[in-house]
Amino acid sequence: MPTFAAIDIGSNSCRLKIATAHAHRLKTLHEDREVTRLGESVFQTGVISPEAMAATIRALKRFHKAVQMHVADKVRVVATSAMRDARNAQAFTEWVLSATGWNVEVISGLEEGRLIHLGVITHEIGARGRCVLIDLGGGSCEITLSDGGRIKAMASLPLGAVRLQQEFLQADPPQKEDVARLKQFIDRELKKAERRIGMPRSALVIATSGTAAALAEAAGHVRKKSSAGKKTLQKKRLEHVGSMTAEVAEVRALADKLAKMRDEQRAAVPGIGPRRSEIIVGGAFVYASLMERFGLKSFRYSALGLRDGILAQMLGDVDLRGSVHQKIESERWAGVLEVCNRYSIELRRVEPIRQHVVELFDALARVHELPEEYKLWLESAAMMQDVGKFMNHQGHHRHAQYIIANSEIFGFSPEQRAIVSALARYLGKTRPDPMDRVLRTIPVEEHTNLVRAIVLLRLAVALNQDRASAVVRLRTHVYPKRVLLELVPGRGGAELEAWSVKKEAAYFREIFRRELFVEVV
């Protein structure tokens, strides 16, 4: 039973969750949270302040001790909006590495939304129908339309609570003109979201993160006060965090009320508290405007979030028979097809290459000895290898590498995109070299696997030279010192394919220490 640790370095707080895998599910072992306000200075000056860095490092060192105590097998550390914007983000990641040994992965807003969605639908059965997910953090707000457990549309907006506080609400209480500017900014960003996701008609709205929790609890206390006859019911609802709700009218009333208060008055509002009171106003206006614009009647707070999605991703990567793995694989493949569509790739032309590389991967398993996840990386590279031609046919392998490495592909981490992009890069005359810029972005321990995978993909491409004819069928025979590929011709023969595969024999021998023979049967 492997144990995983997920660390979320947010713009407002850092969170840790440690869980162990058991019967295809995750069991939580430990949780921790610390408000560090990493993004506070970023949204003012563009850089993380030394004080915020030091506070975050102290929290991460505490998390590190907990991770060691629980003997976590795998740790993933991600950072979000503040680190995406900070000019000195690299200095902070190097400090984290020296203090804890952890590599910080700065993820995009869309990847953040995807992981939150994964965490929620993995644990919330009710979220597997049609629903809207809203996550308003310190630096950004992700809005996701989900149906049947699949993401239909998503928008990531710069509407985080800390960001809005620093940019618009410096006075206490906020001045009327500042609130007016804030509302205009929120409306402008929500118009962009509406263009991306349309009008998400859904009865179920799930909101995550601290702002949603504070608003739901505050709304619950207001209801409790005004409904003396339902005290027992309201008490139960407040005690059960997962069922906390807030209606749009309640959120609008709270936003208008909180904007007229001083900080100490907001801190005294039940459900808000002293740490949330400093940043609640901006977040409350976002929720009120968002719900009104999209016709959402209410939201239900969920304590799940980014760290739960990270844990689910780690579980899915090792538990190949679990439903989470299948969900992640489906998302990844949808992301690959979306890239192909964006760059006008004809699927009928690349699908035979994908089929052949899968066939070679399975037939030559004891030759290449690659981890199972490389099968998907190879399939993805086979499908996307020609995206570089969208820019220019000359040097298209270089262009393909750049496009894949820098595209937002759901389910692929930056490291995984780097591996897939490198596979697509070395399909021409160039051979991989450890000193290449492309390989320097990939961990050294992956270089051997990468080169072996490149050989397989080159063979698959070679088997599909004459695309005007029917696809060549393949029979593979593995012997102790040699590999024999028998080509069964399609319509138009297989001579060109056989010639192309023979050209790869020397490279095959160099990498696998076996002779490669080709016969047309």
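The following paragraphs examine the structure supplied in this document. All values reported here derive from a predicted model rather than from experimental measurement.

Glancing now at helix H18 (residues 373-384). A rise of 1.5 Å per residue sets the reference length of H18, with its 12 residues, at 16 Å; its end C-alpha atoms lie 17 Å apart and thus fit the reference within 8%. Most of H18 is tucked away: 11 of the 12 residues are buried.

A few words on the pairing of strand S8 (residues 150-157). As defined by bridge partners, strand S7 (residues 141-147) adjoins S8 across seven bridges and the pair is classed as antiparallel. In the strand pairing of S8, Thr-144 is matched with Met-154. Here S7 folds back onto S8 in antiparallel fashion, the turn holding two residues, of which Gly-148 has a positive phi close to 65 degrees.

Aromatic ring pairs are reported here in terms of the distance separating the ring centres and the angle at which the planes meet. Per the stated rule, a full pass over the model turns up five aromatic pairs. Arranged with centres 5.6 Å apart and planes meeting at 50 degrees, the rings of Trp-377 and Phe-412 form a pair that is tilted. Taken together, the positions of Trp-377 in helix H18 and Phe-412 in the loop between helix H19 (396-406) and helix H20 (414-425) put the pair 35 residues apart, joining distant regions of the chain. The burial state of Trp-377 is the same as that of Phe-412; both residues are buried. Positioned above the aromatic ring of Tyr-426 is the side chain of Arg-425, whose terminal nitrogen or guanidinium carbon lies 5.4 Å from the ring centre. Over the ring of Tyr-507 we find Arg-431; its NZ or CZ atom is 4.5 Å from the centre of that ring.

Glancing now at unusual backbone geometry. Residue Pro-173 follows Asp-172 across a cis peptide bond; omega there is 0 degrees. Note that Pro-173 resides in the loop between helix H6 (161-168) and helix H7 (176-197). Located in the positive-phi region is Val-71, a residue other than glycine, with phi close to 50 degrees. Tracing the backbone through its elements, the reader meets Val-71 in the loop between helix H2 (50-69) and strand S4 (74-79). What makes Val-71 exposed here is its relative accessible area of 59%. For Glu-369, which is not a glycine, the phi torsion comes out positive at approximately 55 degrees. Counting through the fold element by element, Glu-369 comes out in the loop between helix H17 (365-368) and H18.

Taken in spatial order, the six strands make up an open sheet running S8-S7-S6-S9-S11-S10, and their pairing is mixed. Looking at which strands have only one partner, the edges of the open sheet turn out to be S8 and strand S10 (245-247). Between one strand axis and the next, the sheet turns through 25 degrees on average, direction left out of account. Summarising the sheet, strand S6 (residues 131-136) and S7 pair through six bridges and their orientation is antiparallel. Bridge pairing in S7 places Leu-136 opposite Cys-141. This element, helix H8 (residues 210-226), spans S6, strand S9 (205-208), S10 and strand S11 (298-302) of the sheet and lies at about 75 degrees to S10. Helix H10 (residues 248-259) contacts S10 and S11 of the sheet and is inclined by roughly 80 degrees relative to S10.

With respect to topology, three strands assemble into an open sheet ordered S12-S13-S14, the strand pairing being mixed. The two strands at the open ends of the sheet, each matched to only one other strand, are strand S12 (473-478) and strand S14 (515-520). Taken pair by pair, the neighbouring strands of this sheet meet at an average axis angle of 20 degrees, ignoring direction. Summarising the sheet, strand S13 (residues 482-488) and S14 pair through six bridges and their orientation is parallel. Within S14, the residue paired with Leu-484 across the bridge is Phe-517.

A separate point is the pattern of salt bridges. Where charged atoms of side chains with opposite charge meet at close range, the side chains can pair. Per the stated rule, a full pass over the model turns up 35 salt bridges. Arg-62 is the partner of Asp-32 in a salt bridge, and the nearest nitrogen-oxygen pair spans 2.8 Å. Residue Asp-32 is found in strand S3 (residues 25-35), and its partner Arg-62 is found in helix H2; the two are separated by 30 residues along the sequence. Classification of Arg-62 as partly exposed rests on a relative accessible area of 35%. Several salt bridges converge on common partners, so that one network encompasses Glu-111, Arg-114, Lys-327 and Glu-331.

A few words on the environment of Thr-430. Counting through the fold element by element, Thr-430 comes out in the loop between H20 and helix H21 (437-440). Under the relative-accessibility criterion, Thr-430 is labelled partly exposed at 33%. Separated by 63 residues in the primary sequence, Thr-430 and Gly-493 have C-alpha atoms spaced 29 Å apart. Residues in contact with Thr-430, not counting those within four places in the same chain, are Arg-425 and Arg-458.

In this section: the packing of H6 against H7. Axis separation between H6 and H7 bottoms out at 10 Å; the angle between their running directions is 135 degrees. By the criterion of interaxial angle, the relationship of H6 to H7 is oblique. The handedness of the crossing between H6 and H7 comes out as right-handed. On the side of H6, the interface is formed by Leu-164, Glu-167 and Phe-168, while H7 contributes Asp-178, Arg-181, Leu-182 and Phe-185.

Looking now at the nonpolar core. If you look at the biggest cluster of nonpolar residues, it comprises 82 residues, and the most contacted ones within it are Ile-9, Ile-48, Phe-92, Ile-143, Leu-159, Tyr-287 and Phe-299. Take this core: its biggest share by element is nine residues, from helix H13 (residues 280-293). Of all hydrophobic cores here, the second largest spans 66 residues; its members include Val-358, Ala-382, Leu-439 and Leu-456.

Further remarks concern the side chain of Gln-165. In this fold, Gln-165 is placed in helix H6. Dropping the residues within four chain positions of it, Gln-165 is found in contact with Gln-170, Glu-278 and Ile-279.

Rules used throughout
Residues numbered from 1 in each chain as written. Predicted model: local features only at pLDDT ≥ 70, side-chain atom pairs only at ≥ 80, totals over all residues. Heavy atoms only, no water. Helix = DSSP H or I, 4+ residues; strand = E, 2+ residues; numbered from the N terminus. Expected span 1.5 Å × (residues − 1). Buried < 20%, exposed > 50% of the residue type's maximum accessible area, 1.4 Å probe, protein only. Pairing = 2+ DSSP bridges. Phe/Tyr/Trp six-rings, centres within 6.5 Å; stacked < 30°, edge-to-face > 60°. Lys NZ or Arg CZ within 6 Å of the ring centre and 35° of its normal. Axes fitted to C-alpha atoms, helices over the stretch in contact; angles between N-to-C directions. Contact = heavy atoms within 4.5 Å. Salt bridge = Lys/Arg side-chain N within 4 Å of Asp/Glu carboxyl O. Parallel < 35°, antiparallel > 145°, perpendicular 65-115°, else oblique. Left-handed = near helix turned anticlockwise from the far one by under 90°. Core = buried A, V, L, I, M, F, W, Y, C linked by side-chain atoms within 4.5 Å.

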